[in-house]
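# Residue-level structure breakdown
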Amino acid sequence: MAFVPGQPVTAVVQRVEIQKLCQGDHLILGFSIGGGMDQDPVQNPYSEDKTDKGIYVTRVTPNGPAEKAGLMMGDKIMQVNGWDMTMVTHDQARKRLTKKKEDVVRLLVTRKSLEDAVKHSMSGYPKH
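Residues numbered from 1 in each chain as written. Predicted model: local features only at pLDDT ≥ 70, side-chain atom pairs only at ≥ 80, totals over all residues. Heavy atoms only, no water.

Looking now at the pattern of salt bridges. Counting across every chain of the model gives 5 salt bridges. Note that Lys-76 and Asp-52 form a salt bridge whose closest N and O atoms lie 3.1 Å from each other. In this pair, Lys-76 is assigned in strand E6 (residues 76–80) and Asp-52 in the loop between strand E4 (31–35) and strand E5 (55–60), connecting sequence segments 24 residues apart. The same class applies to Lys-76 and to Asp-52, which are both buried. Here Arg-94 makes a salt bridge to Asp-91, at a shortest N to O gap of 2.6 Å. With a gap of 3 residues between them, Arg-94 and Asp-91 both fall in helix H2 (residues 90–97), about one helical turn apart. Classification of Asp-91 as partly exposed rests on a relative accessible area of 31%. Through salt bridges with shared partners, a single network forms among Asp-91, Arg-94 and Lys-95. (Salt bridge = Lys/Arg side-chain N within 4 Å of Asp/Glu carboxyl O. Helix = DSSP H or I, 4+ residues; strand = E, 2+ residues; numbered from the N terminus. Buried < 20%, exposed > 50% of the residue type's maximum accessible area, 1.4 Å probe, protein only.)

All right, on to the nonpolar core then. What tends to happen in soluble globular proteins is that the nonpolar side chains get buried as a cluster. If you look at the biggest cluster of nonpolar residues, it comprises 19 residues, and the most contacted ones within it are Ile-18, Phe-31, Leu-71, Ile-77, Leu-97 and Leu-107. Sequence-distant contacts of Leu-107, that is, excluding residues within four places in its chain, are made with Gln-14, Arg-15, Val-16, Ile-18, Phe-31, Leu-71, Ile-77, Gln-79, Val-80 and Leu-97. (Core = buried A, V, L, I, M, F, W, Y, C linked by side-chain atoms within 4.5 Å. Contact = heavy atoms within 4.5 Å.)

So, about the environment of Trp-83. Within the secondary structure, Trp-83 is located in strand E7 (residues 83–84). Taking the relative accessible area as the measure of exposure, Trp-83 reaches 46% and is therefore partly exposed. Through-space distance from the C-alpha of Trp-83 to that of Ala-93 is 9.8 Å; in sequence the pair is 10 residues apart. In contact with Trp-83, not counting residues within four places along its chain, are Met-78 and Arg-96.

Right, here's the structure in full:
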């Protein structure tokens, strides 16, 4: 999914709502992220476009809140609670996800399998 920073993005997205798990004073989401505007996109194993500086899910804890909500490794996070995540640094993304006052995190994510499914379903339609 290639795009030009600052330009509108067309993506097939899925909503994922994660209820944070309370462990002592900590609220646990059950996943880790990689990427960001300040990171080297060539190091991202989930993006086919090696210039993509998006935020990607790099680890999902088995049986954790994120896995139960349907989040998958390799998902690209497009929004967190309505905030655009397509042009943020790694630290900005981490802070958005871990806000103490929020018990629920609502994500819009895209994943290759979603895009492939839409492309496949549209391949049967005649082109104008």
